[in-house]
Amino acid sequence: MQPDGPYRFTHVLGGCQVGKAWAAIDGQGRLVTVAVLDAAVAATPAWREAFSATANAMGQTQGGQPFVYADFAATAPWVAYPAEAGPGAEKLFRALGMDYQPVPGEAASPGTDVPSTSGPGSPAAVVPHQVSGPPQQVSAPPQSVSGVPQQVSAPPQSVSGVPQVSAPPHAPWAMHGGPIPVQPISAAPQPVSGAGAEASTVDPVFPDADRPSSDDPFGGPVRRIKPSAPPPRRTGLWVGVAAAALAVAVGAGATVWAVSGDEKPTDPQTLPTASGTAAFPSAPAINPGLKPWAQAAPYSVEERSLAIAAPSMVFVEAVFTGTLREAKSNVPLSVTPVTFKRRCSGFVANADGHIVTNGQCVRPAVEAARERALYTLGRILIEQKRLTAPQLDEYVRGKLNSSVFTGAEPGSEPVSQVFAQFNVARGDLTASPAIPGQIVRVLEPDAGNLALVKLTQPSLPAVELADGGVPGPGAALLVMGYRTTDADFRAATYTVESKPAQVAGTANQGSVSVSRLNDDVGIYSAGGVALDTTGRVVGVLDTDRAASGTPNRALVPVSVVTGLLEAGGTSNGRADTDKMYRDGLDAFFAGRNADAIASFDRVAQASPVNLLAQAYRQNAVDRARLADESDGPPRLLLALLAGLGGVLLVGLIVLVVVFLRRRPRY
């Protein structure tokens, strides 16, 4: 029987004492391997915990085996691995210490012997053994952590005392060592054939000495005892019995059908779906960019932290347009204006549209702006065949100190614009869904290098700032910001990415004491955030000037952000929609699907930009459907079983009646 799940299961890959590995296809046509723990085994809490802990440990270990999704709360827990990453399901069972056996004919892992079949038409020679008890205690069970998930020190040991089945049980008829003996007949009567048969005077059965006497009263040709006539056929009786059995079966099935339909009056009448889809874990039409359940262990504190803060992340693009001129003569270096762009990350600090981002991103220093404009002009000259690529750096160095970047008129400022995008962003976009913004205040690089920008769109999802100072060395955090993998950055697609990081130390950048991290998200993450396990911002990402390559590993403390907001006439605050979204997440992670769906519905209506609320709503819908299907047998099956029970009852009554009628009467 195929397991329940959001995939189309095609065939079994192998099995062990506690479960099976399946080949399956997800809603987008991708191949996966799914490890399914038997429901009977999962009824033991120790096995369920060992199964989930081992899967999480494999996914978080360096060079391990991450999974695409899992449901550890199902009746038969399962974990899905991408097929291209190797036999993940097999590795999970082997990590549990099980004697995994692949199905003959399926691709086995290197070094695995494939057993032969037991005979023609046999599906597999290896039958998973029955588990007699829960797994042994893991030497270091996984602990709940407040930061980055720690690796489980060892997988669960093999089950001791598992009964080994060396062969199928003997059939009752196989208990004898040979055929049933048959007694031979020493003298069988020979048939009489031929013309002289009637004249024969020798009885072949009774010789003369043994022939019965003619005076035998029972030797006459006339039967003295006549057999009784056969009883009349009771066709009407059996027709009545069949009609009664059919009536009982139909009545019992209808009763069970009606009763089972009223067992769950509290369930929603119709489970809502997002955009008409029901794919799990997320519908293709809903793409919030960052998917916390794929960035961290499912249902972990890290997933919840990312889910809380991710909707407030924004992609910031600043556009600068001006004219490059000779510094002394004000003669333009180009007859056409020069436009360049800077891209970074940011977050919503107040639901009315105030965002915090990197200061140098939206208002670069004069020399930095001039250098960027010269490189832009140099690339234009290369396209016009007036400059070669190897000459670009020399051209910029030669013009950097002898030119100025101004507005349309000498001495005026270049024109600048700021745009922000939520969820999945695209470069070079100034129309909707890009939201224009106005710079309110900018801090100098030595004073925190932050900027406050007011967007024109209100009712935006805001993040909460943490209390306290600079995180100390060793603190485990989650860093989050925008990045791209596209080669052409100009029209690239940017998405939010997260990564676990630790504080390696502290340093001073100007008058601000910053924390230095051991990892970063990428060059576009400046203005991004570092989170604690409750989803609150503990710092803003900035360039680490002391590190090689200037990565975004410096963490500006929250106190600088608070001061910037106060100077701009605003403060950190969340709207009722933000609180409703947190309530939906609390219900989702507590397993209350109906409450989660209701909360996310209200959030989606009040804040359409929060696509993550819609994605989690879809996840709650799918999880509720899976839970409903796994609660018990389907109603139709219950009705059929009830009907069969009624037929068996009537049949038993008929057998008793027939037996009583056929008993001999003395």
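Heads up: the structure comes first, above all this text.
Since the model is a prediction, treat every value here as computed from it, not as a measurement.

Criteria and thresholds
- Residues numbered from 1 in each chain as written.
- Predicted model: local features only at pLDDT ≥ 70, side-chain atom pairs only at ≥ 80, totals over all residues.
- Heavy atoms only, no water.
- Helix = DSSP H or I, 4+ residues; strand = E, 2+ residues; numbered from the N terminus.
- Buried < 20%, exposed > 50% of the residue type's maximum accessible area, 1.4 Å probe, protein only.
- Contact = heavy atoms within 4.5 Å.
- Axes fitted to C-alpha atoms, helices over the stretch in contact; angles between N-to-C directions.
- Parallel < 35°, antiparallel > 145°, perpendicular 65-115°, else oblique.
- Left-handed = near helix turned anticlockwise from the far one by under 90°.
- Nonpolar A, V, L, I, M, F, W, Y, C, P; charged D, E, K, R; others polar.
- Disulfide = S-S within 2.5 Å.
- Salt bridge = Lys/Arg side-chain N within 4 Å of Asp/Glu carboxyl O.
- Core = buried A, V, L, I, M, F, W, Y, C linked by side-chain atoms within 4.5 Å.
- Pairing = 2+ DSSP bridges.

Engineer: Honestly, the overall build of the chain in this entry has me stumped. Any pointers?
Structural biologist: On a plain count of helices and strands, the chain comes out with 14 helices and 20 strands. Looking at the chain residue by residue over its 666 residues, the buried ones come to 41%. Pairs at least 24 apart in sequence give 65% of the contacts found in the chain among residues at least 6 apart.

Engineer: Whenever I open this one, the packing of helix H8 (residues 366-383) against helix H9 (residues 392-400) confuses me. Can you help?
Structural biologist: If you want to describe how two helices pack, look at the angle between their axes and the distance between the axes. Viewed as axis vectors pointing N to C, H8 and H9 meet at an angle of 135°, and their least axial separation amounts to 9 Å. Judged by the inter-axis angle, H8 sits oblique to H9. Like other packed secondary-structure pairs, H8 and H9 cross with a definite hand, here right-handed. Only Leu392, Asp393, Tyr395, Val396, Lys399 and Leu400 of H9 make contact with H8, whose side of the interface consists of Glu367, Arg370, Glu371, Leu374, Tyr375, Leu377, Gly378, Arg379, Leu381 and Ile382. Class assignment for the residues of the contact of H8 with H9 results in 9 nonpolar, 1 polar and 6 charged.

Engineer: Sorry, what's going on with the state of the cysteines here?
Structural biologist: Note on terminology: a disulfide is the covalent bond linking the sulfur atoms of two cysteines. According to the stated counting rule, one finds 1 disulfide in the structure shown. Across a sulfur-sulfur distance of 2.2 Å, Cys344 and Cys361 are joined as a disulfide pair. Looking down the S-S bond of the Cys344 and Cys361 bridge, the torsion is -90°, so its handedness is left-handed. One end of the pair, Cys344, is in strand S8 (residues 338-350); the other, Cys361, is in helix H7 (residues 359-362), with 17 residues separating them in the sequence. Neither residue differs from the other here; Cys344 and Cys361 are each classed as buried.

Engineer: I would appreciate a short explanation of the pattern of salt bridges in the present structure.
Structural biologist: Working definition: two side chains of opposite charge can pair if their charged atoms are close together. Here the structure, examined in full by the defined rule, presents 17 salt bridges. One salt bridge in this structure joins Arg30 and Asp26, with 2.8 Å as the shortest N-O distance. In this structure, Arg617 and Asp601 form a salt bridge, with 2.3 Å as the shortest nitrogen-oxygen distance. Linking Arg617 in helix H13 (residues 611-630) with Asp601 in helix H12 (residues 593-606), this pair joins segments that are 16 residues apart in sequence. Under the relative-accessibility criterion, Arg617 is labelled buried at 11%. Given the relative accessible area of 26%, Asp601 is considered partly exposed. Counted as one network, the salt bridges with shared partners bring together Glu317, Lys341, Arg343 and Asp428.

Engineer: Explanation requested: the packing of helix H11 (residues 576-589) against H12 in the structure shown.
Structural biologist: Viewed as axis vectors pointing N to C, H11 and H12 meet at an angle of 155°, and their least axial separation amounts to 8 Å. Of the possible angle classes, the one that applies to H11 and H12 is roughly antiparallel. Here the hand of the crossing between H11 and H12 comes out left-handed. Contacts from Thr577, Met580, Tyr581, Asp583, Gly584, Leu585, Ala587 and Phe588 in H11 reach Asp595, Ala596, Ser599, Phe600, Arg602, Val603 and Ala606 in H12. When grouped by side-chain class, the residues that make up the contact of H11 with H12 number 9 nonpolar, 3 polar and 3 charged.

Engineer: I keep staring at the nonpolar core and nothing clicks. Help me out?
Structural biologist: The tendency in soluble globular proteins is for nonpolar side chains to be buried side by side. Membership of the largest hydrophobic core comes to 65 residues, with the highest contact counts inside it found for Tyr7, Val34, Phe347, Met480, Tyr581 and Tyr616. Per-element tally for this core: the top contributor is H13, with 6 residues. Setting aside chain neighbours within four positions, we find Tyr616 in contact with Pro292, Trp293, Glu303, Ala307, Tyr581, Leu585, Phe588, Phe589 and Phe600. Among the nonpolar cores identified, the runner-up in size contains 26 residues, and Ala42, Trp47, Ala50 and Met58 belong to it.

Engineer: I keep staring at the environment of Glu90 and nothing clicks. Help me out?
Structural biologist: Among the structural elements, Glu90 can be located in helix H3 (residues 88-95). Counting along the chain gives 11 residues from Glu90 to Gln101, while the straight-line C-alpha distance between them is 8.7 Å.

Engineer: Explain the pairing of strand S16 (residues 493-509) here, please?
Structural biologist: Regular strands place their side chains on alternate faces of the sheet. Two elements, strand S12 (residues 425-426) and S16, share 2 bridges in a ladder whose sense is antiparallel. For Ala425, the partnering residue across the bridge sits in S16 and is Tyr494. Relative to S16, strand S15 (residues 476-483) runs antiparallel, the two sharing 8 bridges. The partner of Leu477 across the bridge, within S16, is Ala501.

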